[in-house]
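Notes for the structure review
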Amino acid sequence: MSKSTKRFRACLALTALVAAALTGCSTTDGGSATTADGLTKVRLQLQWFKQGQFAGYLAAVDQGFYKEQGLSVEILDGGTDIVPQTVLAQGQADYAIAWVPKALASREAGAGITDVAQIFQRSGTKQVSFKSENIAGPAALRGKTVGNWGYGNEFELFAGMTKAGIDPARDVKLVQQQFDMNAFLAKDIAAAQAMSYNEYAQLLETKNPATGKLYTADDFATIDWNDEGVAMLQDAIWANTEKLTDAKYQEQTVKFLAASLKGWIFCRDNVDKCRDITVAAGSTLGASHQQWQINEVNKLIWPSPAGIGMVDAAAWARTVRIAKDTKNQEGATVLAKDPDASAYTNDYVTKALDTLKAAGVDVTGAGFAPRQVTLAEGGK
């Protein structure tokens, strides 16, 4: 068993133990502590460090959208050793941001969590190669050295290869990839995993030693899992399932969602301002990188014909099917069975959207057009 699989399963086991330990002792009154000025304190657990991926929540704090809803929101950084859905299940956060397949795996292991708003409607995961490798699609990965991060991030890649008739255990050389593009740039990996809003930008921020200028998109080929029909749902807002039985927490959830969605709408319409908010929030990445991130994340959200945050039933079903049916190189799947009906709900996001629409806010972004972002060396 690989280190990544061991760690992934260990995280799920921890979630199950925590959920079991909390049975009967979690708070269900929906009430949190309040600030001196009467705002309800809320903690949001991110799945990574503060960056443009989470700009909407940072903007909702900065622009006072949470305060408008009577909330004082503390945003908690994620990291390599933080499993946001576990933090939520432990009661150490009120809401969490997590990819759907990972969260469902934790849920199957015992975590009581529910997807209450699907922020990203499209997948941001790509497999990137130098054009000289002639990898135009998943079938061309045969015989290549293929990188992936593991930790549950790899199943779109495995689903894409399986669909193309490639056995991940025999037909490619799999490499455990670090959360950077160094091995790819050194050409130790022929096709590397990259998020459109992060690692792919890192390539375009790097000088091509052959030319002395920054790499451009023309230097690379990308496989987009949306185009291949194996995209899985990613960033969603998760709530505590047990606490959703309480009227106060239900009301708080609607307010939290309304403010969070308004933050993302603000970042759709104010990319530069959200770049500055993100940098000021303490991101270690530079201004041009953050501007790229926000612009690319906007592409994953907008347009949202049904309204930002609505869970699309077809996309959910596809994600569950891939999570159940796709095996990694060790024959493991993300899920053993279908999640139950409380795994997601559109009830609270619908109410949040109604609040925003009543205030004249554009919640679909039908006219959305992405920006053209110029990256600087090193993302500065």
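Rules behind the numbers
- Residues numbered from 1 in each chain as written.
- Predicted model: local features only at pLDDT ≥ 70, side-chain atom pairs only at ≥ 80, totals over all residues.
- Heavy atoms only, no water.
- Pairing = 2+ DSSP bridges.
- Helix = DSSP H or I, 4+ residues; strand = E, 2+ residues; numbered from the N terminus.
- Axes fitted to C-alpha atoms, helices over the stretch in contact; angles between N-to-C directions.
- Contact = heavy atoms within 4.5 Å.
- Buried < 20%, exposed > 50% of the residue type's maximum accessible area, 1.4 Å probe, protein only.
- Expected span 1.5 Å × (residues − 1).
- Polar contact = N/O pair within 3.5 Å; in protein donor to acceptor, adjacent residues only side chain to side chain.
- UniProt positions renumbered as here; feature names shortened; annotations may be inferred.
- Core = buried A, V, L, I, M, F, W, Y, C linked by side-chain atoms within 4.5 Å.
- Domains from an automatic or database assignment.
- 1 Å grid on protein atoms, 1.4 Å probe; cavity = no way out; pocket = protein on both sides within 12 Å on 5 of 7 lines; lining within 4 Å.
- Points joined across faces, edges and corners; volume = space filled by probe spheres on them.
- Nonpolar A, V, L, I, M, F, W, Y, C, P; charged D, E, K, R; others polar.
- Buried area = accessible area lost by both parts, 1.4 Å probe.
- Salt bridge = Lys/Arg side-chain N within 4 Å of Asp/Glu carboxyl O.

**A few points about the sheet that holds strand β4 (residues 113-118)**
The 5 strands lie next to each other as β2-β1-β3-β10-β4, forming an open sheet whose pairing is mixed. Unpaired on one side and paired on the other, β2 (71-76) and β4 mark the two borders of the sheet. Geometrically, the sheet is characterised by an average inter-axis angle of 30° between neighbouring strands, direction not taken into account. Bridge analysis of strand β1 (residues 40-45) against β2 gives 6 bridges, and the strand direction is parallel. Each bridged residue has a counterpart across the sheet, and for R43 the counterpart in β2 is E74. Lying over the sheet, helix α5 (residues 100-108) contacts β3 (95-99), β4 and β10 (235-240), oriented at roughly 115° with respect to β3.

**Quick look at helix α6 (residues 155-163)**
A large share of α6 lies buried, amounting to 7 of its 9 residues. Buried residues in α6 make contact with β5 (125-130), β6 (145-148), β7 (173-176) and α12 (313-325).

**Quick notes on helix α9 (residues 247-269)**
Helical geometry: 3.6 residues make up each α-helical turn, so side chains three or four residues apart lie on a common side. The end-to-end C-alpha distance of α9 is 33 Å, a good match for the 33 Å that 23 residues give at a rise of 1.5 Å each. Backbone nitrogen of K248 and a side-chain oxygen of the N-cap are separated by 3.0 Å at the start of α9; the cap is D246.

**As for the UniProt feature "domain: SsuA/THI5-like" (unreviewed entry) in the protein chain**
Listed under "domain: SsuA/THI5-like" (unreviewed entry) in the UniProt record, and renumbered for this structure, are residues 53-270. End C-alpha atoms of residues 53-270 are separated by 15 Å, and the span's content is 32% helix alongside 22% strand.

**Side note on unusual backbone geometry**
The linkage connecting W302 with the following residue, P303, adopts the cis geometry, with an omega of -5°. You can see P303 is positioned in the loop between α11 (287-301) and α12. Non-glycine residue N134 carries a positive phi angle of around 55°. For N134, a relative accessible area of 62% translates into the label exposed. Its identity is not glycine, yet Y151 carries a phi of approximately 60°, on the positive side. The residue Y151 is located in the loop between β6 and α6 in this model.

**Looking at the side chain of D115**
Within the secondary structure, D115 sits in strand β4. Within polar-contact distance, the side chain of D115 engages the backbone nitrogen of A117 at 3.1 Å. Those residues in contact with D115 that sit more than four places away from it in its chain are V100, A236, I237, W238, V311, W316, A343, Y344 and T345.

**With respect to the nonpolar core**
Proteins that are soluble and globular tend to have nonpolar side chains buried together. Counting 55 residues, the largest nonpolar core has Y57, I237 and F256 as the members making the most contacts within it. Tallying contributions element by element places α9 first for this core, with 11 residues. In this structure, this core is formed jointly by two domains, domain 1 (40-122 + 232-359) and domain 2 (125-224), each of which donates at least three residues. For I237, the contacting residues outside a window of four places in its chain are Y57, Y95, A96, I97, T114, D115, V116, A117, I119, F256, L257 and S260. With 37 residues, the next largest nonpolar core counts L104, L141, F155 and V172 among its residues.

**Section: the environment of E205**
Relative to the helices and strands, E205 is located in the loop between α8 (199-204) and β9 (220-224). Overall, the relative accessible area of 7% leaves E205 in the buried class. Note: C-alpha distance between E205 and G307 (102 residues apart in sequence) is 34 Å. Leave out the neighbours within four places in its chain, and E205 touches L214, H289, L375, A376, E377, G378 and G379. In this structure the side chain of E205 is engaged in a polar contact, spanning 2.4 Å, whose partner is the side chain of H289.

**Brief notes about empty space enclosed by the protein**
If you walk through the whole model with that rule in mind, you get 2 cavities of 30 Å³ or more. When its volume is computed, the largest cavity comes out at roughly 50 Å³. Here the lining of the largest cavity is composed, by residue class, of 5 nonpolar, 3 polar and 1 charged. Shared between two domains, the lining of the largest cavity takes at least three residues from each, and those domains are domain 1 (40-122 + 232-359) and domain 2 (125-224).

**Side note on the environment of F179**
Mapped onto the secondary structure, F179 falls in the loop between β7 and α7 (182-185). Overall, the relative accessible area of 36% leaves F179 in the partly exposed class. Spatially, the C-alpha atom of F179 lies 6.9 Å from that of W149, the residues being 30 residues apart in sequence. The residues touching F179, leaving out its near neighbours within four places in the chain, are W149, Y151 and N153.

**Quick notes on the domain arrangement of the protein chain**
Assigned domains within the protein chain: domain 1 (40-122 + 232-359) and domain 2 (125-224). Taken together, the 22 residues of domain 1 in the interface contact 21 residues of domain 2. Contact between domain 1 and domain 2 buries roughly 1800 Å² in total, counting both sides, with carbon and sulfur atoms accounting for 62%. Considering only the side of domain 1, the residues that lose the most area to domain 2 are H289, W292 and Q329, jointly responsible for 27% of the buried surface there. Taken together, the links from domain 1 to domain 2 amount to 0 salt bridges. Our count for the domain 1 to domain 2 interface comes out at 7 residue pairs in polar contact (both at pLDDT 80 or more). For the side of domain 1 that touches domain 2, the element with the highest residue contribution is α11, accounting for 6 residues. Partitioned by chemical class, the residues of the side of domain 1 that touches domain 2 number 10 nonpolar, 9 polar and 3 charged.

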